[in-house]
Every structure is written in structure tokens, then in C-alpha cells.
Amino acid sequence: MLPYPQIDPVAVSLGPLQIHWYGLMYLIGIGGAWLLAMRRLHRFDPSWDKDKLSDLVFWVAMGVIIGGRLGYVLFYDLASYLNDPTLIFQVWKGGMSFHGGLIGVLLCSWIFARRNGKKFFELMDFIAPLVPIGLGAGRIGNFINAELWGKATDVPWAMVFPTDPQQLARHPSQLYQFALEGVALFVILWIYSSKPRPTMAVSGLFAVCYGVFRFIVEFVRVPDAQLGYLAFGWLTMGQVLCVPMILIGLGMIAWDYRHEPAKASA
């Protein structure tokens, strides 16, 4: 068993002002995505400058934060937030939904694309390889918060999380998700998108890979206590939300290879 590194969730305290690691992870994810977007901006649209990219990053960040928070409220714990709406603003305690954030990003990107004369999926193919940076940073934030831990296990790398009332050795599922949704997904998309691909191909591959990775990790991750398992003693909300992602992603890739086979094989 590995010892859990005791990290104060509060990174910096300045009197009554507290800066949490969870919030800093979002800044790291957004900042890292912006820097890497600069490297490929000339390939996406040579006419765009730093100001245009900054506008895009702002819109996407708002989609992530607002959509992620509202997605968690709607998908995972609506009753609690209806009982106390002020909980919605306590984001430093966690409670963000990837699928809600994805919906937020899609809506904001659609608006941004229309305002700037871009096709929606052209813009999404540009954004998709950048997303794993934020996903990976967010999972590190979950780990520091000692939240979203996995099931009890006897694997050598199991950890006892201070927030676990049972104090059992558990899968560090946050780190599994960091490795898959952050590192592996970034490498796959960055390499795949380094060559010209049909429109929607990169977005489709993102949807498939994320959906599969998340679906797998959910088998060893403890579901949210207020929801538990939805069916069969193993099906979680995260898995339910990933199924349409996988199917839509596969459909997008199949469409690409059928209509642009030469470019798809590049």
C-alpha cells in the first residue's frame, strides 16, 4: 500500500482569502491549452492573432466552468442544490461534471464559430487535442481534494484517503483517470491531429477515446453516494453518459472514412 500524500487543499491563504489547488488546476489546464493552441494556430487559421485566440479560450473556459457546474447539479445531485442553492457557488469543494462541461463547450464553441465565420466542427477539431490538459489537471485536483476515490482493493498501489470514513485501502482512481483522460488521450489526439484529417475525425476520436477510458475506470471508482449504481450492481451515471459519446464518436469517424477516404488515411 502506498501512503496518501497529505496535501492541504488550500494552496495559499491570504487572510480570509483562500486559493484552493482545485481552482489552480483549472487555471493550469486553461493556461496550458492556450499555450499549445498558439503552436497550431497558424495551421488552423493564419489570419487569427493572439487576441482572437484569447477570445476563444475565454468562451471555452466559461463553457467548461458554467456547464461543468450545472451539469453536476442536474446529473448528480439536483436535490441537494434545490435544498440549498448557495452550494452551486462553492466550486472549491469539487462537484464538476465533465459531460456538463462538454455541453457547455459545445454551445460556446458553436456561438463563437458562427460569430467568426468558422464551421463548428473545424473549430472543435482544433479544440479537442487541447482538452486533455484540463482533464488531467482536474483529476490531479480531485486527488488533492481526496475525492472521487475508488473501490477497496489489495493492489500494492492502493491508498487510504483521509476523507474516507471507512479508512479502507482503495484504488487511486483519480490517478487512473489522470493517466488515461489526461496523458494517454493527449498523446493520441496530438499525434493523430498532427496530420491533415477529415473534418470531425479528431472530434470523433476524442469522443470515442474519452468515453471508453471513462467507462473502464468507472468499474473501479466508487459512484457518487447520492446516486449509487443505477442498474445491475455496477452501472454508473458516468457510464450512462459515456455511451452516447462513444456511439456518436464512432458514427463521426465512420462518416469521415466513407466520405473522405483519401484524407482519412493520411
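Note that the coordinates shown come from a computational prediction; the quantities given were computed from them, not determined experimentally.

K.L.:
How should the packing of helix α1 (residues 21-44) against helix α6 (residues 131-144) be read in this particular structure?
P.N.:
Helix-helix packing is described using two parameters, namely the angle between the two axes and the distance between the axes. Put simply, α1 and α6 touch, their axes get as near as 8 Å, and they point 165° apart. As far as their axial angle goes, α6 and α1 are roughly antiparallel. Considering only the axes of α1 and α6, their crossing is right-handed. Mapping the contact onto sequence places Trp 21, Tyr 22, Met 25, Ile 28, Gly 29, Gly 32, Ala 33 and Leu 36 in α1 and Ile 133, Gly 134, Ala 137, Gly 138, Ile 140, Gly 141, Asn 142 and Ile 144 in α6. Its residues assigned to classes, the contact of α1 with α6 shows 10 nonpolar, six polar and no charged.

K.L.:
I would appreciate a short explanation of the state of the cysteines in the present structure.
P.N.:
A covalent bond between the sulfur atoms of two cysteines is referred to as a disulfide. Evaluation of the coordinates by the stated rule reveals zero disulfides. Counting only cysteine sulfurs, Cys 242 is the nearest neighbor of Cys 209, a cysteine outside any disulfide, at a range of 12 Å. According to the relative accessible area criterion, Cys 209 is buried, its value standing at 12%. The exposure class assigned to Cys 242 is buried, which follows from its relative accessible area of 0%.

K.L.:
Explanation requested: the pattern of salt bridges in the structure shown.
P.N.:
Think of it this way: side chains of opposite charge can pair up when their charged atoms draw near. Applying the stated rule across the entire model yields five salt bridges. Its salt-bridge partner being Arg 221, residue Glu 218 comes within 3.7 Å of it at the nearest N-O pair. With relative accessibility at 3%, the residue Glu 218 sits in the buried group. Residue classification places Arg 221 among the buried residues on the basis of a relative accessible area of 5%. A cluster of three or more residues bridged by salt bridges with shared partners is formed by Arg 214, Glu 218 and Arg 221.

K.L.:
Honestly, α6 in this entry has me stumped. Any pointers?
P.N.:
Here α6 contains 14 residues, and its C-alpha end-to-end distance of 20 Å stays within 8% of the 20 Å for a straight helix at 1.5 Å per residue. All of the buried residues along α6 are Pro 132, Ile 133, Leu 135, Gly 136, Ala 137, Gly 138, Arg 139, Gly 141, Asn 142, Phe 143 and Ile 144. Check the buried side of α6 and you find it contacts α1, α4 (98-115), β3 (159-160), α7 (173-192) and α8 (201-217).

K.L.:
Would you mind going over the environment of Gly 238 with me for this structure?
P.N.:
Within the secondary structure, Gly 238 sits in helix α9 (residues 237-259). The spacing of Gly 238 and Arg 39 is 199 residues in sequence and 33 Å in space, taken between C-alpha atoms. Not counting residues up to four positions away in its chain, the partners in contact with Gly 238 are Tyr 76, His 99, Arg 214 and Glu 218.

Procedures and definitions
- Residues numbered from 1 in each chain as written.
- Predicted model: local features only at pLDDT ≥ 70, side-chain atom pairs only at ≥ 80, totals over all residues.
- Heavy atoms only, no water.
- Axes fitted to C-alpha atoms, helices over the stretch in contact; angles between N-to-C directions.
- Helix = DSSP H or I, 4+ residues; strand = E, 2+ residues; numbered from the N terminus.
- Parallel < 35°, antiparallel > 145°, perpendicular 65-115°, else oblique.
- Left-handed = near helix turned anticlockwise from the far one by under 90°.
- Contact = heavy atoms within 4.5 Å.
- Nonpolar A, V, L, I, M, F, W, Y, C, P; charged D, E, K, R; others polar.
- Disulfide = S-S within 2.5 Å.
- Buried < 20%, exposed > 50% of the residue type's maximum accessible area, 1.4 Å probe, protein only.
- Salt bridge = Lys/Arg side-chain N within 4 Å of Asp/Glu carboxyl O.
- Expected span 1.5 Å × (residues − 1).

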